[in-house]
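# Chain and residue survey
Below are the chains, spelled out letter by letter.
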Amino acid sequence: MKNVLRFALLIVVIVIGMDVYDKIEWRNIGTEVERIMNEEKFVLENTTEGAKQEESIAKDEPLPELTGVEKWVGQEVDTIKSNLGEPDRIDPSSYGYDWWIYEQSNSAYLQIGVEENRVVTVFFMGDVDAGERYPMGEQASTIFGNEAPQEEIPVKFDAYDYRFQLTKEEQQLKPLVAIHEGLFAQYYFDKFNGSLRAVRIAEPGVLVKQRPYAVSYRGGLLEREELSEEGWQGVQAAMEKQIYAMTNVLRNLSDKKPLGYNDEVANVAFGHSKDMEENNYFSHTSPSEGELSDRLKEGDVLYSYAGENIAARYPDAGAAMIGWLNSKGHREALLNEEFTEIGVGVFRDYYTQNFIKPF
């Protein structure tokens, strides 16, 4: 039997010294990113030095004209229905909004985040006709011209001030751009060919809850609400469907055949994600369940070729997918022509893709 592919992507969150002192004006989260072999560590720490507040976009400036999908943010859901019709399904998220899912085609995927009957965020991938600000498939130089993405982006929400701080790599691969004071766009570029593959448009509250970059803040730090066990089950099942759909979109964009879904393989993938979260490890080798080959055998899965992608600590399915796409080993598994079936398992913020080629 052929060797099982072993690929890994690790994102671990470490919390250091979160005591609060009155003398601290700004507090920093994720101010340092370290790379150790194939690991990425996001370090949280406090600063003991004050910092001047960054100037936000002047409130008396007229808002820029919104001509693409960004104009939907802030609108009530009737606007979405009139433009797109009823969604294919409605998925819960862990951030207080529901995703309206539109699987437009094999190469276009769209999610509309709705909270209290209004749109707060949009995520899309592939060949979506999203407007002139988002020419999907184009290079960053075409999109931004000479205006390079900024290293620091000020954000104001609920009378509190935040300042997202992007590394050089983040400025290149997932820059954050202010459309206006109350609306932002994250651009996700393909690390290996430079093309724009996905975009997230979000109100400040969404970004602050997700914290996709290091952030300094003054005042309170907005947190997402804790979910019940039942709530998490709904979110996990939703993200599994989203990852499956986005996997085939990315394969289509790379001229690869779509993968069929295998429920038995999905059970194996879910078991591994759950095992990693509950036993506090991140590896393709389970201390109790062994290697992928052992877990597939235990799950009565017959295959001639198999592979696995794992990820952790991403804010949602879309972010995890881009993480896999931009990691060489994970990308090879994601786009491997030998694989014909996939199963996806998500538990809390641990993600597993298992790929197989049956006998």
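Structure shown above.
So, on to the nonpolar core. Ranked by size, the top nonpolar core spans 54 residues in total, and within it Met-125, Phe-164, Leu-176, Ile-243, Met-321 and Tyr-351 carry the most contacts. Ranked by residues supplied to this core, first place goes to helix α5 (residues 229-253) with nine residues. Listed in part, the 28 residues of the second largest apolar core include Tyr-102, Leu-110, Val-119 and Ile-201.

Right, let's get into unusual backbone geometry. One non-glycine residue, Asn-117, lies in the positive phi region at around 70°. Summarising the element assignment, Asn-117 is placed in the loop between β7 (108-115) and β8 (118-126). By relative accessible area, which is 41% here, Asn-117 ends up partly exposed. A positive phi angle, close to 45°, is found at Arg-211, a residue other than glycine. One can find Arg-211 in the loop between α4 (204-210) and β14 (214-218). We classify Arg-211 as partly exposed; its relative accessible area is 24%.

So, on to the side chain of Asp-190. With respect to the helices and strands, Asp-190 occurs in the loop between β12 (183-189) and β13 (196-202). Within the local environment of Asp-190, its side chain forms a polar contact with the backbone nitrogen of Phe-192, the two atoms lying 2.8 Å apart. With near-sequence residues (within four places) excluded, Asp-190 lies in contact with Ser-195, Arg-197, Leu-325, Asn-326 and Arg-331.

What counts, and at which threshold
- Residues numbered from 1 in each chain as written.
- Predicted model: local features only at pLDDT ≥ 70, side-chain atom pairs only at ≥ 80, totals over all residues.
- Heavy atoms only, no water.
- Core = buried A, V, L, I, M, F, W, Y, C linked by side-chain atoms within 4.5 Å.
- Buried < 20%, exposed > 50% of the residue type's maximum accessible area, 1.4 Å probe, protein only.
- Helix = DSSP H or I, 4+ residues; strand = E, 2+ residues; numbered from the N terminus.
- Polar contact = N/O pair within 3.5 Å; in protein donor to acceptor, adjacent residues only side chain to side chain.
- Contact = heavy atoms within 4.5 Å.

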